[in-house]
Each structure stands twice: as structure tokens, then as C-alpha cells.
Amino acid sequence: MTATTRKDVPLTLEGGGVELRTRAIGGGFSVGFVSLPQGTDMGPAFKGLPGDACQCPHWGYLLKGRLLMHTDGGDETYEAGQAYYWAPGHVPVALEDCEFVEFSPTEDFRTVLDHIKSAMG
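A quick note: this is a predicted structure, and the numbers were derived from the prediction, not measured. (Residues numbered from 1 in each chain as written. Predicted model: local features only at pLDDT ≥ 70, side-chain atom pairs only at ≥ 80, totals over all residues. Heavy atoms only, no water.)

### With respect to the pairing of strand E9 (residues 98-105)
Each regular strand displays side chains that alternate between the two surfaces of the sheet. Counting buried positions along E9 gives six out of eight residues, so the element sits mostly inside the fold. In this sheet, E9 lies alongside strand E3 (residues 29-36) in antiparallel orientation, the contact comprising eight bridges. Pairing of Leu36 across the sheet is with Cys98, part of E9. As defined by bridge partners, strand E4 (residues 58-64) adjoins E9 across five bridges and the pair is classed as antiparallel. Its bridge partner being in E9, Tyr61 is matched across the sheet by Val101. (Buried < 20%, exposed > 50% of the residue type's maximum accessible area, 1.4 Å probe, protein only. Helix = DSSP H or I, 4+ residues; strand = E, 2+ residues; numbered from the N terminus. Pairing = 2+ DSSP bridges.)

Given below as C-alpha cells:
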């Protein structure tokens, strides 16, 4: 069995108030602790990926804030206290300061993170 806390997970991505901490948790999945300040639009970070969107599925829980999710199927708004599943092909925009915890397939997540890091370059 594996367990971890936010403070024990290394910083994977940081900039402009965005903070992402990730660690492999087991079973081919990673946990991500995410903070997005109000106004953050992840669209530019996903440019160049298929559909210019995140192609990794995520299961999680929004701890704080409100988030708008753009998808090919339409836009959805998520609020603190909601559990979610985001299929591949999504672009989040923080309507308020957001904090969430999510679980993602490690290899899919790594591919997206490598793309973001190279774009930040």
C-alpha cells in the first residue's frame, strides 16, 4: 500500500502561480496536487497536443474554487466539493483560485507534462 501527502510530493511544475506536485502512487497511476490561481488558462500550455488539449484522463476532487473546462462536447463548470472525471481532450480555466487532487495514468500524464515543460522551455 502507498500513501503520501501534498508536502511529501515533489514539485513538478511551477510558474505564474501555478503549482503541480506529482508522484507515482501505484497501479500505473500518479497523484497530482494542483493549484491554479484565478484567471489561469491552460490552453496555451497544451498548444501542439492533439486538439490543443490535455490528452490525459484525470479522476479527482476539487477542494477549492471554480473551474471552467472546455471540451469538444461543450463547456462544464466544476465547483469545490465535486468529484470529477475529465476525459482526454480538455482545457481548464480557473474562474477562481483552485486547488484539487487528481489521479491520472502515469505514462499519459508524463507525456502531457513533458510537452508543457518543453513549451515553457
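### A few points about the environment of Arg21
Mapped onto the fold, Arg21 is located in strand E2 (residues 18-26). Sequence separation between Arg21 and Gln38 is 17 residues, and the spatial gap between their C-alpha atoms is 18 Å. Here Arg21 is in contact with Arg6, Val9, Pro10, Leu11, Thr12, Val31, Gly32 and Phe33, once residues within four sequence places are set aside. Looking at Arg21, its side chain comes within polar contact range of the main-chain oxygen of Val9, at 2.9 Å. (Contact = heavy atoms within 4.5 Å. Polar contact = N/O pair within 3.5 Å; in protein donor to acceptor, adjacent residues only side chain to side chain.)

### Quick word on the environment of Glu102
Topologically, Glu102 is positioned in strand E9. The exposure class of Glu102 is buried, given its relative accessible area of 5%. Residues Glu102 and Leu67, spaced 35 residues apart in sequence, show a C-alpha to C-alpha distance of 14 Å. Not counting chain neighbours up to four residues away, the residues in contact with Glu102 comprise Ser30, Val31, Gly32, Val34, His58, Trp59, Gly60, Tyr84, Trp86 and Phe109.

### Some points on the sheet that holds strand E8 (residues 90-94)
Reading across from one edge, E6-E5-E8 is the order of the three strands in this open sheet, with antiparallel pairing throughout. Here the strands that pair on one side only, and so sit at the sheet edges, are strand E6 (74-79) and E8. Direction aside, neighbouring strands of the sheet carry axes that sit 25° apart on average. The pairing of strand E5 (residues 66-71) with E6 spans six bridges and is antiparallel. (Axes fitted to C-alpha atoms, helices over the stretch in contact; angles between N-to-C directions.)

### Notes on the nonpolar core
Leu36, Phe46 and Phe100 are the most contacted members of the largest nonpolar core, which totals 26 residues. Mapped onto this core, the elements with two or more residues apiece are E2, E3, helix H1 (43-46), E5, strand E7 (83-86), E8, E9 and helix H2 (106-120). Here this core gets four residues from one element, more than from any other, and that element is H2. Phe46 has contacts with Asp52, Ala53, Cys54, His90, Val91, Pro92, Val112, His115 and Ile116, leaving out every residue within four places of it along the chain. (Core = buried A, V, L, I, M, F, W, Y, C linked by side-chain atoms within 4.5 Å.)

### Quick look at unusual backbone geometry
For residues besides glycine, phi is generally negative; the peptide bonds are generally trans as well. Here Asp52, not a glycine, exhibits a phi torsion of approximately 50°, which is positive. Topologically, Asp52 is positioned in the loop between H1 and E4. On the basis of relative accessibility, which here comes to 33%, the residue Asp52 falls in the partly exposed class.

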